[in-house]
Amino acid sequence: MDLSIVIPLYNEEESIPELYDWLKRVLEQHGYTYEILFIDDGSTDNSWKEIEKLSQQSPYVKAIRFRRNYGKSPGLHCGFAKAQGDVVITMDADLQDSPDEIPELYRMITEEGYDLVSGWKQKRYDPISKTLPTKLYNATARMVSGICLHDFNCGLKVYRREVVKNIEVYNDMHRYIPYLAKIAGFNRIGEKVVHHQARKYGKTKFGLDRFFNGYLDLMTLWFLSKFGKKPMHIFGLLGSLMFLFGLIAVLIVGISKLYFMHNGMEYRLVTDSPYFYLSIASMIIGTQLFLAGFIGELITRNSVERNNYKIAEEI
């Protein structure tokens, strides 16, 4: 099978039939063998009924329905697990992603050898309340991940099948699928300017909470990619440095008092010095950080994922 189209959705009953007709026209015009996977994320409207109608009309329509709303990442995770195509394409169901982009995206994977190609909605039709946080988010994601993409969160992406079968999309990590792919060893990541259409039906699911949650998810992903299997390297190092700093400081305070006492000079109790308390606090925090790294090592040592390495091929 050439293509699997994975479409997560939530309350998009009006756009589903139009999107399906558009997809069918493009895919059949280019002679692809395909499947369309709708992932209904617990919609409360008639989205599932519309999908059922389409599945009765076409054997190429498959679907999953969640009992409640879990989010886009779980939807993509289940869609990737079910996808059978050599090339997998993800897109939103709100008609803001154009199926006319599919042939060129497919060609970039099959002919140019990319592992993943992300769409870039260079000209957007969203309000500034959405575009400004998006620009800040993308700049931060580029800096942290080292991947030069302008639009990490674009729903229109295309992957080689091996990519989606070797990454785990969880929480809200769908925003960072290119970064997940890079961590898994897929470094051929490209970008294509795609057409962005104004929303035709319904309302956007975007909220400012996604911006803050996205930042926290990015920091989590960065930390796990760097130190997920070796937490002692970061916590142990920071803890040792802080403990050493506190130890040196408390020795200076104590030696200073002994020096003044030996020379008959006026001196203060070490407990009267603020540096004494700062040094003690530094030693305590350093000890806690070191123990956090040690406990982290004990946890990772017993993790079933500790030696789960991505093997490209064997002979």
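You'll find the structure just up there.
Everything quoted here is computed from the prediction, not taken from an experiment.

Focus on the side chain of Ser4
Mapped onto the secondary structure, Ser4 falls in strand 1 (residues 3–9). Residue classification places Ser4 among the buried positions, given a relative accessible area of 0%. Within the structure, Ser4 has its side chain in polar contact with the side chain of Glu35 (distance 2.6 Å). Only 3.2 Å separates the side chain of Ser4 from the backbone nitrogen of Gln84, close enough to count as a polar contact. Those residues in contact with Ser4, other than ones at most four positions away along the chain, are Glu35, Ala83, Gln84, Gly85, Val87, Val88 and Ile89.

Looking at the pairing of strand 2 (residues 34–40)
By the criterion of burial, strand 2 is predominantly enclosed, with seven of the seven residues buried. Of the two faces of strand 2, the one carrying Tyr34, Ile36, Phe38 and Asp40 and the one carrying Glu35, Leu37 and Ile39 are both buried. Sheet topology places strand 1 next to strand 2; seven bridges connect them, and they run parallel. Following the sheet pairing, Pro8 is matched in strand 2 by Ile39. With five bridges connecting them, strand 2 and strand 3 (residues 61–65) associate as parallel partners. Its bridge partner being in strand 3, Phe38 is matched across the sheet by Ala63. With respect to chirality, the unit in which strand 2 leads through helix 2 (residues 47–57) into the neighbouring parallel strand 3 is right-handed.

Digging into the packing of helix 1 (residues 16–29) against helix 2
The contact between helix 1 and helix 2 brings their axes to 10 Å, and the two run at 35 degrees. Contacts between helix 1 and helix 2 involve Ile16, Pro17 and Tyr20 from the first element and Ser47, Glu50, Ile51 and Leu54 from the second. Grouping the amino acids of the contact of helix 1 with helix 2 by side-chain chemistry returns five nonpolar, one polar and one charged.

Some details on helix 2
All of the buried residues in helix 2 are Ser47, Trp48, Glu50, Ile51 and Leu54. Projection of helix 2 onto a plane perpendicular to its axis shows the buried side chains occupying an angular sector of 155 degrees, all on one side. In helix 2, the exposed positions that point more than 90 degrees away from the buried face belong to Lys49 and Gln56. Residues of helix 2 that are buried in the fold lie against strand 1, helix 1, strand 2 and strand 3.

A few points about the sheet that holds strand 4 (residues 87–90)
Paired through backbone hydrogen bonds, the strands of a sheet run either parallel or antiparallel to each other. Spatially, the seven strands line up as an open sheet ordered 3-2-1-4-6-5-7, and their pairing is mixed. Single-partner strands in this sheet number two, and they are strand 3 and strand 7 (189–193). Along the sheet, successive strands turn relative to each other by an average axial angle of 20 degrees, direction set aside. Packing against the sheet, helix 2 makes contact with strand 1, strand 2 and strand 3, and its axis sits at approximately 155 degrees to strand 3.

With respect to unusual backbone geometry
Residues other than glycine seldom take positive phi values, yet Asn11 does so here, at roughly 55 degrees. Inspection of the secondary structure puts Asn11 in the loop between strand 1 and helix 1. Given the relative accessible area of 24%, Asn11 is considered partly exposed.

Some thoughts on the nonpolar core
In summary, soluble globular proteins display a tendency toward joint burial of nonpolar side chains. Formed by 35 residues in total, the largest nonpolar core has its most connected members in Leu3, Ile5, Ile7, Leu23, Leu27, Ile36 and Phe38. With seven residues, the single largest contributor to this core is helix 1. Residues in contact with Leu23, not counting those within four places in the same chain, are Ile5, Ile7, Ile36, Met91, Pro99 and Ile102. Within the second largest apolar cluster, 30 residues are counted, among which are Ile147, Val169, Ile177 and Leu221.

The rules behind these values
Residues numbered from 1 in each chain as written. Predicted model: local features only at pLDDT ≥ 70, side-chain atom pairs only at ≥ 80, totals over all residues. Heavy atoms only, no water. Helix = DSSP H or I, 4+ residues; strand = E, 2+ residues; numbered from the N terminus. Buried < 20%, exposed > 50% of the residue type's maximum accessible area, 1.4 Å probe, protein only. Polar contact = N/O pair within 3.5 Å; in protein donor to acceptor, adjacent residues only side chain to side chain. Contact = heavy atoms within 4.5 Å. Pairing = 2+ DSSP bridges. Right-handed = clockwise from strand over helix to strand, strands pointing away. Axes fitted to C-alpha atoms, helices over the stretch in contact; angles between N-to-C directions. Nonpolar A, V, L, I, M, F, W, Y, C, P; charged D, E, K, R; others polar. Arc of directions from axis to C-beta. Core = buried A, V, L, I, M, F, W, Y, C linked by side-chain atoms within 4.5 Å.

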